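Geometric and topological summary
The lines below spell out each chain.
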Amino acid sequence: MVLDDLSYIESIDRSGMRDILKGFSEQCARAIEMGKKMDIPSSITKGGINKVVVCGLGGSAIGGDILRTLFFDRKILIEVSRDYYLPSFVDRQTLIFAVSYSGNTEETISSFKQALSAGYPIVSMGSGGELQKLSRENRVPFIQVPSGMPPRCAIGFLSIPAVILLEKITGDYLFNYQELVEVISDMCKKYLPEESINNNLAKSIALRLKGKVPLIYGVNRLTDVVAHRLKTQFNENSKVIASWDVFPELN
């Protein structure tokens, strides 16, 4: 079976995706520490913030989608802007969270400069680039994440520190982070390429999807972000599929 042929898998995995995914629980553990240690001015954490706009595109915006879902029933409005300009409702009680993994996304830089000019509270995040430069020059808190991976694979770095920041702002502490890392670590081990197809749900699903067009759907404000993330892992030209009976562990 080709799915159990590790030498074949290695030969086609030229970007090292296996190693990145195998280390996802470690990424989340590092992201938790980053979030706990980040130095954010009290003017932001205790400044009466009631709205957050996450500015980003592609993989850099995924963390914002996750935030919007997690906090949708809390006392803070969260929106994701994939645009050059900030939404019209932004005011001084709105935190602008500028996220660009590369640090050079045009739309994010444009929104950052607009927020800076208007004097809105800002926090930025990325691996470097122009966003880091502008943040340092203007004394904007910058959360630096490790570079060297596809943005879609840095979802732990791009979401967890933001969740911890919002917990500090709202006073709503949502997660047992130790349990989060343990669950992710357990799932990573179960679905390793080294696990044979007889004991590997991921490989079984891959076989069932072979030759088919997947359709994925989720529930708004609950699993819609998960469904979208899963969809984007397939060919971008695919139509979407998959029901939760195919993915029981996501139910």
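You'll find the structure just up there.
Let me begin by describing the structure that accompanies this report. None of the values given here were measured: they were computed from a predicted structure. Each chain carries its own residue numbering, running from 1 in the direction its sequence is written. Two thresholds apply to this predicted model, a pLDDT of at least 70 for residue-level local features and 80 or more for giving and counting side-chain atom pairs, whereas whole-chain, interface and lining totals are computed over all residues. Hydrogens are left out, water is left out, and the side-chain values use all remaining heavy atoms of the structure.

Time to look at the overall build of the protein chain. Under the scheme used here, helices are H or I runs from DSSP no shorter than 4 residues and strands are E runs no shorter than 2 residues, and both carry numbers assigned from the N terminus. In terms of regular secondary structure, the protein chain is built from 11 helices and 5 strands. The C-alpha radius of gyration of the protein chain comes to 19 Å, within 12% of the 18 Å expected for a compact globule of 251 residues. Overall, the protein chain is about 60 × 35 × 35 Å in size when its C-alpha atoms are taken along their principal axes. The rule is simple: take the accessible area with a 1.4 Å probe, protein chains only, and divide by the maximum for that residue type; under 20% is buried, over 50% is exposed, in between is partly exposed. A burial count over the protein chain gives 45% of its 251 residues as buried. Contact definition: two residues touch when any of their heavy atoms are within 4.5 Å. In the protein chain, once contacts between residues fewer than 6 apart in sequence are set aside, the share between residues at least 24 apart is 71%. Carbon and sulfur atoms make up 52% of the accessible area of the protein chain, which amounts to about 13600 Å² in all. The charged-residue count follows a simple rule in which Lys and Arg add positive charge and Asp and Glu add negative charge, with His and chain termini not counted at all. The atoms used to mark charge sites are NZ of Lys, CZ of Arg, CG of Asp and CD of Glu. Of note, the protein chain has its 29 positive side-chain charges centred 3 Å away from the centre of its 28 negative side-chain charges. For the radius of gyration, the atoms used are the C-alpha atoms, and the globule rule reads 2.2 Å times the number of residues raised to 0.38. Areas reported here follow the Shrake-Rupley algorithm with a probe of radius 1.4 Å; residue values treat only the protein chains shown as occluding.

Moving on, we come to the sheet that holds strand 2 (residues 77-81). Paired strands, as defined in this entry, are two strands with at least two bridges between them according to DSSP. On the basis of which strands lie adjacent, the open sheet formed by 5 strands has the order 2-1-3-4-5 and parallel pairing. A strand with exactly one partner marks an edge of an open sheet, and here the two such strands are strand 2 and strand 5 (142-144). Here the strands of the sheet are splayed against their neighbours by 15° on average, with no regard to which way each runs. Pairing between strand 1 (residues 51-55) and strand 2: 5 bridges, direction parallel. Following the sheet pairing, C55 is matched in strand 2 by S81. In the packing of helix 6 (residues 106-118) onto the sheet, contacts are made with strand 1, strand 3 (94-100) and strand 4 (122-126), and the angle to strand 3 comes to roughly 150°. Orientation is described by lines fitted to C-alpha atoms, with helices fitted over the stretch in contact, and by angles between N-to-C directions that extend from 0 to 180 degrees. In the packing of helix 7 (residues 129-137) onto the sheet, the strands contacted are strand 3, strand 4 and strand 5, and the crossing angle to strand 5 comes to about 140°.

Moving on: the side chain of D13. Within the secondary structure, D13 sits in the loop between helix 1 (6-12) and helix 2 (17-22). Note on D13: relative accessible area 17%, which makes it buried. Polar contacts, as used here, are pairs of N or O atoms within 3.5 Å; protein pairs need one atom able to donate a hydrogen and one able to accept it. Residues neighboring in sequence count only if both atoms are side-chain atoms. For D13, the side chain forms a polar contact with the main-chain nitrogen of R18, separated by 3.0 Å.

It is worth spelling out the nonpolar core at this point. Counting residues in hydrophobic clusters, the biggest one holds 40 residues, and the most contacted among them are V52, L67, I78, L95, F97, V123 and I169. Looking at this core, the elements with two or more residues in it are helix 2, helix 3 (24-37), strand 1, strand 3, strand 4, helix 8 (155-170) and helix 9 (177-190). Aside from chain neighbours lying at most four places away, what touches L95 is I44, I49, K51, V52, V53, P121, I122, V123, L165 and I169. Nonpolar core, defined: a set of buried Ala, Val, Leu, Ile, Met, Phe, Trp, Tyr and Cys residues in which side-chain atoms within 4.5 Å join the residues together. Core analysis: the second largest hydrophobic core is formed by 14 residues, L86, I109, A115 and V140 among them.

Moving on, we get to helix 7. Every buried residue of helix 7 is accounted for by L131, Q132, L134 and S135. Viewed along the axis of helix 7, the buried residues span an arc of 165°, placing them on a single side of the element. Every exposed residue of helix 7 that faces more than 90 degrees away from the buried side is listed here: R136 and E137. Considering only its buried residues, helix 7 is in contact with strand 3, helix 6, strand 4 and strand 5. Two residues or fewer past helix 7, R139 is found with a positive phi of approximately 55°. It is the directions from the helix axis to the C-beta atoms that the arc portrays.

Turning to the pairing of strand 3, a few remarks are in order. Two faces belong to every sheet, and in a regular strand the side chains alternate between them. For strand 3, a buried count of 7 out of 7 residues is recorded, marking the element as mostly surrounded by other parts of the structure. Of the two faces of strand 3, the one carrying T94, I96, A98 and S100 and the one carrying L95, F97 and V99 are both buried. As judged from the 5 bridges shared by strand 1 and strand 3, these two strands associate in the parallel manner. For K51, the partnering residue across the bridge sits in strand 3 and is T94. When strand 3 meets strand 4, the two strands line up parallel, connected through 5 bridges. Within the sheet, the bridge partner assigned to V99 lies in strand 4 and is M125. Handedness of the crossover joining strand 3 and strand 4 through helix 6 is recorded here as right-handed. Assignment of crossover handedness uses the view with strands pointing away from the viewer, where a clockwise path from the first strand over the helix to the second indicates a right-handed crossover.

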